[in-house]
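# Geometric and topological summary
Read off the chains here:
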Amino acid sequence: MQKQHIAMYDELIDKLRKNQELSKDEYLILIQNRKKCSDYLFKNSTEVREKVYGKDIYIRGLIEFTNYCKNDCLYCGIRRSNKCAERYRLDKEEILNSACQGYNLGFRTFVMQGGEDGYYTDEILVDIIKSIKEKYPDCAITLSLGERSFESYKKLKEAGADRYLLRHETASKSHYEKLHPKEMSFDNRVNCLKNLKKLGYQVGAGFMVGSPFQTEENLADELIFLKKLKPQMVGIGPFIPHKDTPFKNENAGSVELTLFMLGLIRLTLPNVLLPATTALGTIDPLGREKGIKAGANVLMPNLSPVGVRKKYMLYDNKICTGDEAAQCVECLKNRIAKTGCKIVVSRGDYKEN
Ligand code: 5AD
Ligand code: FES
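Below: a short report on this structure.

The rules we used
Residues numbered from 1 in each chain as written. Chains lettered and ligands numbered in written order. Predicted model: local features only at pLDDT ≥ 70, side-chain atom pairs only at ≥ 80, totals over all residues. Heavy atoms only, no water. Helix = DSSP H or I, 4+ residues; strand = E, 2+ residues; numbered from the N terminus. Rg over C-alpha atoms; globule rule 2.2 N^0.38 Å. Buried < 20%, exposed > 50% of the residue type's maximum accessible area, 1.4 Å probe, protein only. Contact = heavy atoms within 4.5 Å. Right-handed = clockwise from strand over helix to strand, strands pointing away. Salt bridge = Lys/Arg side-chain N within 4 Å of Asp/Glu carboxyl O.

Moving on, we get to the overall build of the chain. Counting its secondary structure elements, the chain contains 14 helices and nine strands. Against the compact-globule benchmark of 20 Å for 353 residues, the chain has a radius of gyration of 19 Å, which places it among compact chains. Projecting the C-alpha coordinates of the chain onto the three principal axes gives extents of approximately 65 × 45 × 40 Å. Counting only residues that meet the buried cut, the chain has 59% of its 353 residues in that class. Looking at the chain alone, contacts between residues at least 24 apart form 75% of all its contacts between residues at least 6 apart.

What follows is the structure, encoded as structure tokens:
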């Protein structure tokens, strides 16, 4: 009996491996029985990653250029209601300096990430993007600035931005409404993702694992949502409570469930760019290595000036906030070598096939 069951989970994984679609119920069965089939899933997900990207691990230099945010997401440490957050903005020169440091360390993608900060108008952003592109024409620019209008996304694309990260946070509208204040809209979020795709960005969606009120059924829905959206990147990490937010007493997401979701995402979207996130490295000292072994192929170390790092605290105990970028790159090279993979100097674009 027991054996028969295990055979059934493996068959579902084989089905995914053959690029056949799973139903929501089939995903749910795998998620509910993950302890019995995670080894088989990870064997397949690493093989698929290797088939598409070899042993290469791409790095992205994360420049957290503002922690001002007009939004009030209940989970996030830089929400506008958090009066304890010490706010900062980087100017163009500081951003370019971070990029310069990053370039010398081998980064060929810069991710400009920030809260939704009205200070950075299209005009200011266009100027910064153009300057980075002029100085580093061999680099990709990824933006992660939240929700903006179609016209704004268009101007930023025309200025030279290549990619955009906008996690949808959850594929369920009712769950979305439990994580966000009522002025934020799930429909608008999804619409932004669609606009970004229309404009030709390489798009990254994503969600937190173990966020408050999330069910296993929600997680099955995430995979159905992703299969339909077909983003080029998917960022997922465990939810981690932040002490100055309404969710301060909630439980963190688990390493084990995050890894299982990474494996399922790799099989569902074989070519996807999939980071082993800092949040995963925060709840488990070996989280990022385990993420790679579950099928991830991207790391996003911090390039922000050390002086502001502790201020970009989306969740408690974030790692690497005291380290220079050079230290992190060295550290990651060593860590990744132990997994049998290697960090490469490359833009690390999405591979179509
Ligand atoms: N725990 C984990 N991830 C978080 N994020 C924001 N707050 C938290 C938290 N408390 C994630 C969100 C956001 C991304 C930039 O960071 O998914 O999209
Ligand atoms: Fe930052 Fe290891 S990656 S210190």
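Still more to cover.
Now for the pairing of strand 7 (residues 233–238). Of all the six residues making up strand 7, six are buried; the element is thus mostly covered by neighbouring parts of the structure. The alternating pattern of strand 7 places Met233, Gly235 and Gly237 on one face and Val234, Ile236 and Pro238 on the opposite face, and all of these are buried. Traced from strand 6 (residues 202–209) through helix 9 (residues 216–229) to strand 7, the parallel crossover comes out right-handed.

What follows is about the pattern of salt bridges. On inspection of all chains with the given rule, the structure shows 33 salt bridges. For the salt bridge of Arg189 with Glu169, the shortest nitrogen-to-oxygen distance reads 3.7 Å. Placement of Arg189 in helix 8 (residues 186–198) and of Glu169 in the loop between strand 5 (163–165) and helix 7 (173–179) is noted, with a sequence separation of 20 residues between them. Via salt bridges that share partners, Lys133, Asp162, Arg163, Arg347 and Asp349 belong to a single interconnected network.

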